[in-house]
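Letter by letter, the chains look like this.
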Amino acid sequence: MSKYNRPREIIEFCLKPLGISEKTPEYKETYRRLEHVIKTFQMAAAREKQPVTVDFSNMKTITIDERAHGDE
């Protein structure tokens with residue numbers, strides 16, 4: 001099991017299965033939003049002085065069917 005504690009590591013781990021080029025506007029916007037959420041969460045955890053661990057190994061895999069949403 002890998003441990004990720006830096007926003008960049010977490011985001012890259014989460015976006016990797018999508019196979020989206022890092023150069024697309026969609027990837028950049030998603031990355032920006034995730035970075036904001038993670039950093040905000042980390043600041044809140046630091047304020048409370050409580051460590052927070054997220055175990056990604058138990059996350060269920062989801063399949064995104066872009067065709068179903070008209071986003072081919």
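Everything numeric in this text was worked out from a predicted model, so none of it was measured.

1. Observations regarding the overall build of the protein chain
Each helix and strand counted, the protein chain has two helices and zero strands in total. Looking at the protein chain residue by residue over its 72 residues, the buried ones come to 12%. Restricting the contact set of the protein chain to residue pairs at least 6 apart, pairs at least 24 apart contribute 47%. Here the protein chain has roughly 6,800 Å² of accessible surface; of this, 53% comes from carbon and sulfur atoms.

2. A word on the nonpolar core
The biggest cluster of nonpolar side chains holds six residues, and these are Ile10, Ile11, Leu15, Tyr27, Tyr31 and Ile38. Listing elements by their share of this core, those giving two or more residues are helix 1 (7-15) and helix 2 (25-48). Residues within four places of Tyr31 in sequence aside, it is in contact with Arg8, Ile11 and Leu15.

3. Structural notes on the packing of helix 1 against helix 2
Between helix 1 and helix 2, whose axes approach to 10 Å, the crossing angle comes to 135 degrees. Between helix 1 and helix 2, the angle falls in the class oblique. Regarding helix 1 and helix 2, the two cross each other, and that crossing is right-handed. Every residue of helix 2 that contacts helix 1 at Pro7, Arg8, Ile10, Ile11, Glu12 and Leu15 is listed here: Tyr27, Thr30, Tyr31, Leu34, Glu35, Ile38, Lys39 and Gln42. Split into classes, the residues belonging to the contact of helix 1 with helix 2 amount to eight nonpolar, two polar and four charged.

Definitions and limits used
Residues numbered from 1 in each chain as written. Predicted model: local features only at pLDDT ≥ 70, side-chain atom pairs only at ≥ 80, totals over all residues. Heavy atoms only, no water. Helix = DSSP H or I, 4+ residues; strand = E, 2+ residues; numbered from the N terminus. Buried < 20%, exposed > 50% of the residue type's maximum accessible area, 1.4 Å probe, protein only. Contact = heavy atoms within 4.5 Å. Areas by Shrake-Rupley, 256 points an atom, 1.4 Å probe, with all protein chains shown as cover. Core = buried A, V, L, I, M, F, W, Y, C linked by side-chain atoms within 4.5 Å. Axes fitted to C-alpha atoms, helices over the stretch in contact; angles between N-to-C directions. Parallel < 35°, antiparallel > 145°, perpendicular 65-115°, else oblique. Left-handed = near helix turned anticlockwise from the far one by under 90°. Nonpolar A, V, L, I, M, F, W, Y, C, P; charged D, E, K, R; others polar.

Interpretation note: all reported values are geometric properties and have no functional meaning in isolation.
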